[in-house]
Amino acid sequence: SGGRAWALVGPTGAGKTTTLAKLAAHFSIKQAKKVRLITIDTYRIGALDQLRTYARLLGLPLSVATHPEELAPLVENLGAEELALIDTAGSSPHNAGMLRELRDFLTVSPVIGSHLVLSATTKESDLGRIIDRFSGLGLESFVCTKLDETEVLIPLFNQLVPQRRPLSFLTCGQRVPEDLEPATPTRIARLIFSQIQWN
């Protein structure tokens, strides 16, 4: 079988590009996987430069796709066990046009899976709206960022529990790759219990 592609999607400011770099380091260094980076984010000034720096530091190839038809061959030609990590532009859940454009990119190949990056600092009402809008992309998992920037995590888990999709990774800081960890049941249980006010 061929490789897989993970597209990190989510609202602006959720930490997608930094998380992408952490995942790239995790899979290439810790799991010795062959990893390539792809960006379809041609909107944000400096986004490509930031990713180029990470690619250079990690010694990974980086490709840019400005149209869906440019993305298709990049993911279809992945080797067995190879992983492509796709950086996407931050999309407002209110911007139907941008979400449609994102869907056009991410449906060019069945090897692409969408993973929604959510910041733990987001208000609960906004989290619900974001999950609802991005669910149209056929999400495979959630990645939660900025756990170090808030002491209130219950709203986040309130929104994630009914979703019936896995929480794959957690991030808690800016360091690449140290501040990334797999979301194990034990770790999540510990986070939830730390939030409960015990008498």
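Presented here is a report on the structure given in the accompanying data block. (Residues numbered from 1 in each chain as written. Predicted model: local features only at pLDDT ≥ 70, side-chain atom pairs only at ≥ 80, totals over all residues. Heavy atoms only, no water.)

## Quick word on the pattern of salt bridges
- Inspection of every chain in the model, using the stated rule, returns seven salt bridges.
- Ionic pairing is found between Glu82 and Arg36, a salt bridge with its closest N-O pair at 3.2 Å. Here Glu82, found in the loop between α3 (68-76) and β4 (83-87), pairs with Arg36, found in strand β2 (residues 35-39); they are 46 residues apart in sequence, far enough to count as distant.
- Its relative accessible area of 22% is what places Arg36 among the partly exposed residues.
- Members of the salt-bridge network, linked through shared partners, are Lys123, Asp126 and Arg129. (Salt bridge = Lys/Arg side-chain N within 4 Å of Asp/Glu carboxyl O. Helix = DSSP H or I, 4+ residues; strand = E, 2+ residues; numbered from the N terminus. Buried < 20%, exposed > 50% of the residue type's maximum accessible area, 1.4 Å probe, protein only.)

## Remarks on the sheet that holds strand β8 (residues 180-182)
- Across the sheet, eight strands lie side by side as β3-β2-β4-β1-β5-β6-β7-β8; this open sheet has mixed pairing. Only two strands of the sheet have a single partner each, and these edge strands are β3 (62-64) and β8. The mean angle between the axes of side-by-side strands here comes to 25°, regardless of whether they run parallel or antiparallel.
- Two strands pair when backbone bridges link them, and strand β6 (residues 139-145) and strand β7 (residues 167-171) are joined in this way by three bridges, in the parallel orientation. From the neighbouring strand, Val143 faces β7, where its bridge partner is Phe169.
- Packed on one face of the sheet, α3 meets β1 (4-9), β2, β3, β4 and β5 (112-119) and runs near 175° to β2. (Pairing = 2+ DSSP bridges. Axes fitted to C-alpha atoms, helices over the stretch in contact; angles between N-to-C directions. Contact = heavy atoms within 4.5 Å.)

## A short note on the side chain of His115
- Take His115: it is sitting in strand β5.
- Residues in contact with His115, not counting those within four places in the same chain, are Trp6, Ala7, Leu8, Val9, Glu140 and Ser141.

## Quick look at helix α1 (residues 16-30)
- Across its 15 residues, α1 extends 20 Å between first and last C-alpha, which sits within 8% of the 21 Å expected from 1.5 Å per residue.
- Along α1, 13 of the 15 residues are buried, which leaves the element largely enclosed by surrounding structure.
- At the C-terminal side of α1, Ala32 shows a positive phi close to 50°. (Expected span 1.5 Å × (residues − 1).)

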